[in-house]
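# An overview of the molecular structure
Letter by letter, the chains look like this.
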Amino acid sequence: MASKTESTFRNMLLALFVVSFISATTLGYVYEFTKEPIAIAKLKKKIAAIKKVVPEFTNDPNADMYKIASDIKGDTLEFYPAYKDSELVGTAIKTFSDLGFTKRIYLMVGFLADGTIHNISVLEHAETPGLGDKMDKKKSKWSEQFNGKNPANYKLIVSKDGGDVDAITAATISSRAYTDAVDRAYKAFIENKK
Amino acid sequence: MSKLTILTKGIIKENAVFVLFLGLCPTLGTTTSAINGLAMGLATTFVLVMSNIVVSMVKSLIPDKVRIPAFIVIIATFVTVVELTMQAFLPDLFEVLGLFIPLIVVNCVILGRAEAFASKNNVFDSVLDGLGMGLGFAFALTVLGGIREILGSGALFGFSFMEGDGMLIFVLAPGAFIVLGYLIAISNKINKA
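Remember, predicted model here, so these are calculated numbers, not experimental data. (Residues numbered from 1 in each chain as written. Chains lettered and ligands numbered in written order. Predicted model: local features only at pLDDT ≥ 70, side-chain atom pairs only at ≥ 80, totals over all residues. Heavy atoms only, no water.)

## Re the overall build of chain A
Broken down by element type, chain A carries two helices and five strands. Reading the helices (α) and strands (β) of chain A from amino to carboxyl end gives α-β-β-β-β-β-α. Computed over its C-alpha atoms, the radius of gyration of chain A comes to 23 Å, more than 25% above the 16 Å expected for a compact globule of 194 residues. Principal axes of the C-alpha set define a box for chain A whose edges measure 80 × 45 × 30 Å. (Helix = DSSP H or I, 4+ residues; strand = E, 2+ residues; numbered from the N terminus. Rg over C-alpha atoms; globule rule 2.2 N^0.38 Å.)

## Focus on the overall build of chain B
Summing up its helical and strand segments, chain B has eight helices and two strands in all. The N-to-C order of helical and strand elements in chain B reads α-α-α-α-α-α-α-β-β-α. Taken over C-alpha atoms, the radius of gyration comes to 17 Å for chain B, in line with the 16 Å a tight globule of 193 residues would show. Over its C-alpha atoms, taken along the principal directions, chain B stretches across nearly 60 × 45 × 25 Å. Here the analysis covers contacts within chain B between residues at least 6 apart in sequence; of these, 72% occur between residues at least 24 apart. Counting 11 positive and 11 negative side-chain charges, chain B places the centres of these two groups 17 Å from one another. (Contact = heavy atoms within 4.5 Å. Lys, Arg positive; Asp, Glu negative; His and termini not counted. Charge placed at Lys NZ, Arg CZ, Asp CG, Glu CD.)

## Looking at the pattern of salt bridges
Residue and element names in this part refer to chain A. Under the definition given, this model contains eight salt bridges over all chains. Taking the shortest distance from any N to any O, the salt bridge between Arg 104 and Asp 75 comes out at 3.0 Å. Linking Arg 104 in the loop between β3 (87-97) and β4 (105-111) with Asp 75 in the loop between β1 (66-69) and β2 (76-84), this pair joins segments that are 29 residues apart in sequence. (Salt bridge = Lys/Arg side-chain N within 4 Å of Asp/Glu carboxyl O.)

## Re the pairing of β2(A)
Residues and elements named next belong to chain A. Two strands pair when backbone bridges link them, and β1 and β2 are joined in this way by four bridges, in the antiparallel orientation. By the bridge assignment, Tyr 66 is partnered in β2 with Phe 79. Counting the residues in the hairpin turn of β1 and β2 gives six residues, including Gly 74, whose phi is positive at 85°. Pairing geometry for β2 and β3, over seven bridges, is antiparallel. Along β3, the bridge assignment pairs Phe 79 with Ile 93. Between β2 and β3, which pair antiparallel in sequence order, lie two residues; one of them, Asp 85, sits at a positive phi of approximately 50°. (Pairing = 2+ DSSP bridges.)

## Side note on the pairing of β4(A)
All names here are of chain A. In terms of burial, β4 is a largely internal element, six of the seven residues being buried. As defined by bridge partners, β3 adjoins β4 across seven bridges and the pair is classed as antiparallel. Paired with Ile 93 across the two strands is Val 109, which belongs to β4. (Buried < 20%, exposed > 50% of the residue type's maximum accessible area, 1.4 Å probe, protein only.)

## Thoughts on the interface of chain A and chain B
Residue-level contacts link 31 residues of chain A with 26 residues of chain B. When chain A packs against chain B, the two sides together hide about 2400 Å² of surface, and 74% of this comes from carbon and sulfur. Summed over the shared surface of chain A and chain B, the result is zero salt bridges. Linking chain A with chain B are one residue pair in polar contact (both at pLDDT 80 or more), by the criterion used here. In terms of residue class, the side of chain A that touches chain B is made up of 15 nonpolar, ten polar and six charged. (Buried area = accessible area lost by both parts, 1.4 Å probe. Polar contact = N/O pair within 3.5 Å; in protein donor to acceptor, adjacent residues only side chain to side chain. Nonpolar A, V, L, I, M, F, W, Y, C, P; charged D, E, K, R; others polar.)

## Things to note about the environment of B:Ile75
By the element assignment, B:Ile75 lies in helix α4 (residues 67-89). The spacing of B:Ile75 and B:Leu48 is 27 residues in sequence and 8.1 Å in space, taken between C-alpha atoms.

## Side note on the sheet that holds β3(A)
Residue and element names in this part refer to chain A. With respect to topology, five strands assemble into an open sheet ordered β1-β2-β3-β4-β5, the strand pairing being antiparallel. Strands with a single pairing partner mark the edges of an open sheet, and in this sheet they are β1 and β5 (117-124). The average angle at which neighbouring strand axes cross in this sheet is 25°, direction not considered. Against the sheet, helix α1 (residues 9-53) contacts β2, β3, β4 and β5, and its axis sits at roughly 155° relative to β5. On top of the sheet, helix α2 (residues 172-191) reaches β2, β3, β4 and β5; it is set at about 135° to β3, its chief contact. (Axes fitted to C-alpha atoms, helices over the stretch in contact; angles between N-to-C directions.)

## Some words on the confidence of the model for chain A
Per-residue confidence for chain A averages 83 on the pLDDT scale, and 96% of its residues sit at or above 70. For chain A, the element scoring lowest by mean pLDDT is β1(A), at 79; β4(A) scores highest, at 88. (pLDDT = per-residue confidence, 0-100.)

## Things to note about the packing of α1(A) against α4(B)
Packing of α1(A) against α4(B) leaves a shortest axis separation of 8 Å and a crossing angle of 10°. Comparing their axes, α4(B) and α1(A) come out roughly parallel. In the contact of α1(A) with α4(B), the residues fall into 17 nonpolar, eight polar and one charged. (Parallel < 35°, antiparallel > 145°, perpendicular 65-115°, else oblique.)

As structure tokens, this is what we get:
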């Protein structure tokens, strides 16, 4: 084996500097290389979510996006209007709730022009696997109860608290958060309807 | 030690999870299903092999007193490469494992192999060691994830074979400890025989 470099101050400084320098350069290149695919993947996911929650459209909702301030200071809701041949067929709203079991959950809620919920899709959540994650359509049909309901005559509160929404068994907190997010989107939708 | 032993010892005899009890945090955290376990295992294998190669190449250039920080920077670099690549090209998988990928940096299997093996052996042996250890880790995680998925959600690799829910406790954290305990008992029995 080649003789080991001695642990003098100069050698240690040099070794750590070289290692960090090479590492930083490599990461810089990888970051540049993956930046675009990552942005595309995120955008694709968002577009897929919008497509799921509103009726068929012909415009680019991402380009027509506008932001509305939410009831929580500093946070905004994103509105994605969907037009079919210049007629507004629905609006997808990216909404959130902090009532979840762990961190903030994000939903994409699609409203028809009259405020009826068309469909909802979960963008991000970290609820307990097997319990709260049933809010995701991939895991259970629970969230389908919202489809086709108009919150004007459908109380967006879980039934335990006196509303019309059936909670997920053993996951009332996650259900509350989900309902809260939908409610936030609906209120913003009604307020900003022109 | 023959080349073959270096490769195979990590899979059964010195399995990182069942025998050495290293890297248990990602083991317990990510193995809610077989596919998650497999993906986490393969990501770890990649980092393990790459960091073993680099560490064994630079071992004589790094002064002893700063070897640990130097190794950690090397490992962290590869982990970040894996994270960015996965985010870019396998976004669905990243959604599930994203939280755990940065934890590979502090997975003691990797630093342990860099310190105990790669810093004393040549490049080729280090590759074999990393590959064997990594595959053993992936094997352990896949088995653990598979059993938890079968019992907890009535499915394997995402293919459901029963209606409704399984025993939820196996998907939650306590189930990970229970299944791991039984698997360690079995592996002890095999290794002693």
